[in-house]
Amino acid sequence: MKLMLNETQRLNLHALLGAQRADVGSIRAIWAIQDRIALDADEEKTVEVQREMIAGQERLVWNPALSLAPKEFEFSEAEVSRISAAIQTWDSYGVNADRRWLEPLVRSLFATELA
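Bear in mind that the values here come from a model prediction, so they are computed numbers and not experimental data. (Residues numbered from 1 in each chain as written. Predicted model: local features only at pLDDT ≥ 70, side-chain atom pairs only at ≥ 80, totals over all residues. Heavy atoms only, no water.)

Colleague: Please provide a residue-by-residue account of the overall build of the chain, values included.
Modeller: In terms of regular secondary structure, the chain is built from six helices and four strands. Starting at the N terminus and ending at the C terminus, the chain contains elements arranged as β-α-α-α-β-β-β-α-α-α. For a compact globule of 115 residues, the expected C-alpha radius of gyration is about 13 Å, and the chain comes in at 14 Å, within 12% of that figure. Each principal axis of the C-alpha atoms in the chain carries an extent, and together these give about 35 × 30 × 25 Å. Counting the 115 residues in the chain, one finds 31% classified as buried. The contacts of the chain with a sequence gap of at least 6 include a subset with a gap of at least 24, amounting to 62%. (Helix = DSSP H or I, 4+ residues; strand = E, 2+ residues; numbered from the N terminus. Rg over C-alpha atoms; globule rule 2.2 N^0.38 Å. Buried < 20%, exposed > 50% of the residue type's maximum accessible area, 1.4 Å probe, protein only. Contact = heavy atoms within 4.5 Å.)

If you want it as structure tokens, here you go:
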């Protein structure tokens, strides 16, 4: 499956995947997805990514007024299943705050369920 992801989707999906609890094999598969969708140094600079430590956890913040062109990523069925599961089990939805980046992913990943 091909997905077009903007910087907000990439950063939030990276964080969401990183919050998953899994066995070592699954963790390595998640890392592979994270490595592929991660912003490179130039992209981070363009959107002014900053790293903050809060209660011992790293959190990324960026300037929402800045943006990158969406980038296409191709995911295997297994990767799509991992991404879908992470979204389905996430319990911290902010209905308004997350809609901008989450709704396009939900439409793409769950198109058959929404039809």
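Colleague: Which residues make up the nonpolar core, and what values do they have?
Modeller: Ranked by size, the top nonpolar core spans 20 residues in total, and within it Leu 5, Leu 17, Phe 75, Ile 83, Ile 87 and Leu 109 carry the most contacts. If you list the elements that add at least two residues to this core, you get strand E1 (2–5), helix H1 (7–18), helix H2 (24–37), helix H4 (77–89) and helix H5 (99–109). Discounting chain neighbours no more than four positions away, the residues touching Ile 83 are Leu 13, Leu 17, Ile 33, Phe 75 and Leu 109. Counting five residues, the second-largest nonpolar core is a separate cluster that includes Leu 11, Val 47, Val 49 and Leu 68. (Core = buried A, V, L, I, M, F, W, Y, C linked by side-chain atoms within 4.5 Å.)

Colleague: Describe the packing of aromatic side chains, with residues and values.
Modeller: Evaluation of the coordinates by the stated rule reveals one aromatic pair. Plain terms: the ring middles of Phe 73 and Phe 75 are 6.3 Å apart, the flat faces sit at 25 degrees to each other, and that makes the pair stacked. As far as the burial class goes, Phe 73 and Phe 75 line up, both buried. (Phe/Tyr/Trp six-rings, centres within 6.5 Å; stacked < 30°, edge-to-face > 60°.)

Colleague: Account for the confidence of the model for the chain, naming residues and giving values.
Modeller: A low pLDDT means the predicted coordinates there should not be read in detail. Confidence along the chain averages 89 in pLDDT terms, with 92% of residues attaining 70 or more. Per-element mean pLDDT across the chain ranges from 63 in helix H6 (residues 111–114) up to 97 in helix H3 (residues 41–46). (pLDDT = per-residue confidence, 0-100.)

Colleague: Could you give me a rundown of the pairing of E1, with the residues and numbers involved?
Modeller: Alternating residues of E1 divide into Leu 3 and Leu 5, all buried, and Lys 2 and Met 4, none buried. Across four bridges, E1 lies against strand E4 (residues 71–74) in antiparallel orientation. Within E4, the position partnered with Met 4 by the bridge is Glu 72. (Pairing = 2+ DSSP bridges.)

Colleague: Can you break down the pairing of strand E2 (residues 50–54) residue by residue, with the values?
Modeller: In this structure, E2 lies alongside strand E3 (residues 57–61), joined through five bridges in antiparallel fashion. When the bridges of E3 are listed, Glu 52 appears paired with Arg 59. The turn joining E2 and E3, which pair antiparallel and follow one another in sequence, is formed by two residues; a positive phi near 50 degrees is taken by Ala 55.

Colleague: Give a detailed account of the environment of Trp 90, specifying residues and quantitative values.
Modeller: Structurally, the position occupied by Trp 90 is in the loop between H4 and H5. The spatial distance from the C-alpha of Trp 90 to the C-alpha of Leu 60 is 18 Å, given a sequence separation of 30 residues.

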